[in-house]
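Commentary on secondary and tertiary structure
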Amino acid sequence: MEKDNILTIQHLKKSFGQHEVLKDIDLQVQRGEVMTIIGSSGSGKSTLLRCLNLLDDATAGEILYNGQNILDPNFNRIQYRAKVGMVFQQFNLFNNLNALENCVVAQTTVLKKSPAEAEKNALAQLEKVGMGPYVKAKPAQLSGGQKQRVAIARTLAMSPDMILFDEPTSALDPEMVDGILDIMKDLAHTGLTMILVTHEMGFARDISDHVVFMDQGVIAEQGSAEQIFSSPKNPRTQEFLQRYL
Ligand code: ADP
Ligand code: MG
């Protein structure tokens, strides 16, 4: 059967000065799959996500999104960014805006929705992530877990094709983690394409269709969750996973 790839990444490279952080990455992401990227700190996971979202410019290679090269100078980056959500470890909310306003702003400015329509959708998304009672709260009044819920609602309010999550629970107090993972699990079941960087190995094993192990800027191994977690072939993968036993 022909694979339906939302992303096809070919020979992707990214350097910061002399330091080559991504070295010839080839990767295919199927529409609707949950892909998890694991690997040690500094292996290039965040840089890869940032290149996929055009927050960083790749140095070489191609990223095809539905067959179109997003690195082409003529590619519509603004439209693409609206379709590809990103959830960060540090939430990246607008601290001067309340939860509702955080979820409205890109809908009106980028998607050109009317304020009333944007607000209605924002409220529905905030409700969905359990933030209905806090729509008027500013980020400073919210816990880390609540801020991350707002960040997820903000992303969902854009009706994304794909969401990239970069260690969404790493900055949270332990008691806040499961609530966020539950929300992500629900999203995974909606058929949304998700690319996730996490150190929550039990969770990754549970929800991932596809697991990628990165080591020093290369994909050292990839496969199904079952294959990577139960019978990793590469000694580097084995060594990395040992730390989580
Ligand atoms: P990970 O997310 O796997 O921990 P990163 O992608 O954040 O890894 O970083 C990979 C490497 O790239 C690290 O050595 C880091 O210091 C370097 N790096 C990341 N961002 C920058 C930057 N903006 N400028 C210079 N070096 C960077
Ligand atoms: Mg990182």
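Owing to the predicted nature of the structure, the values given are computational and were not obtained by experimental measurement.

1. Focus on the sheet that holds strand S5 (residues 68-69)
In spatial order, the strands read S2-S1-S4-S5; together these four strands make up an open sheet with antiparallel pairing. A strand with exactly one partner marks an edge of an open sheet, and here the two such strands are strand S2 (19-30) and S5. Taken strand by strand, helix H1 (residues 45-52) contacts strand S1 (5-16), S2 and strand S4 (60-65), and its axis lies near 120° from that of S1.

2. Focus: the pattern of salt bridges
Scanning all chains against the criterion turns up five salt bridges. For the salt bridge of Asp206 with Lys185, the shortest nitrogen-to-oxygen distance reads 3.1 Å. Residue Asp206 is found in helix H7 (residues 201-207), and its partner Lys185 is found in helix H6 (residues 174-188); the two are separated by 21 residues along the sequence. When its relative accessible area of 55% is taken as the criterion, Asp206 is described as exposed. Residue classification places Lys185 among the partly exposed residues on the basis of a relative accessible area of 27%. Residue Arg236 pairs with Asp215 through a salt bridge whose shortest N-O separation is 2.8 Å.

3. A look at the UniProt feature "domain: ABC transporter" (unreviewed entry) in the chain
Sites flagged by UniProt as "domain: ABC transporter" (unreviewed entry) map to residues 7-241. Along residues 7-241 the backbone is 37% helical and 26% strand, and the end-to-end C-alpha distance reaches 27 Å.

4. Things to note about the nonpolar core
Counting residues in each nonpolar core, the largest one holds 36 residues, and the members touching the most others are Leu126, Val150, Ile152, Phe165, Met184, Leu187 and Met194. Of all the secondary structure elements, the ones that give two or more residues to this core are helix H3 (99-109), helix H4 (115-128), helix H5 (144-156), strand S7 (162-166), H6, strand S8 (193-197) and H7. Beyond its immediate stretch of four places on either side in the chain, Met194 contacts Glu33, Val34, Met35, Ile163, Phe165, Met184, Leu187 and Ala188. Counting residues in hydrophobic clusters, the runner-up holds 30 residues, among them Phe75, Met162, Ile195 and Met214.

5. Re the packing of aromatic side chains
The full count for this structure, using the stated rule, is four aromatic pairs. Ring geometry for Phe75 versus Tyr80: centroids 5.5 Å apart, planes at 70°, classification edge-to-face. Taken as a pair, Phe75 and Tyr80 share a single burial class, namely buried. With centroids separated by 5.3 Å and ring planes inclined at 40°, the aromatic side chains of Phe213 and Phe240 adopt a geometry described as tilted. Taken as a pair, Phe213 in strand S9 (residues 210-215) and Phe240 in helix H9 (residues 235-242) lie far apart in primary sequence, 27 residues in all. Look at Phe213 and you get buried, because its relative accessible area is 2%.

So, how was this worked out
- For every chain, the first residue of the written sequence is number 1, and numbering continues from 1 onward in sequence order.
- Whichever chain is written first is A, and whichever ligand is written first is 1; the rest continue in order.
- pLDDT decides what is reported in this predicted model: residues at 70 or higher carry local features, side-chain atom pairs at 80 or more are listed and counted, and totals for whole chains, interfaces and linings draw on all residues regardless.
- No hydrogens and no water enter the side-chain calculation; it runs on all heavy atoms of the structure.
- In short, DSSP must find at least two bridges between two strands for them to pair.
- Counting from the N terminus, the helices are the DSSP runs of H or I reaching at least four residues and the strands are the DSSP runs of E reaching at least two.
- Contacts between residues were defined by any pair of non-hydrogen atoms, one from each residue, lying within 4.5 Å.
- Working convention: axes come from line fits to C-alpha atoms, limited for helices to the stretch in contact. Angles between N-to-C directions cover 0 to 180 degrees.
- By salt bridge we mean one thing: a side-chain nitrogen of Lys or Arg within 4 Å of a carboxyl oxygen of Asp or Glu.
- Note on exposure labels: buried denotes an accessible area under 20% of the residue type's maximum, exposed denotes more than 50%, and partly exposed covers the range between, all computed with a 1.4 Å probe on protein chains only.
- UniProt positions are given in the numbering used here, feature names are shortened, and annotations may be inferred rather than shown by experiment.
- Buried Ala, Val, Leu, Ile, Met, Phe, Trp, Tyr and Cys residues that are joined via side-chain atoms within 4.5 Å together make up what is termed a nonpolar core.
- Geometry of aromatic contacts follows a simple scheme: Phe, Tyr and Trp rings, the Trp one being its six-membered ring, pair when their centres are within 6.5 Å, and the pair is stacked under 30 degrees between planes, edge-to-face over 60, tilted otherwise.

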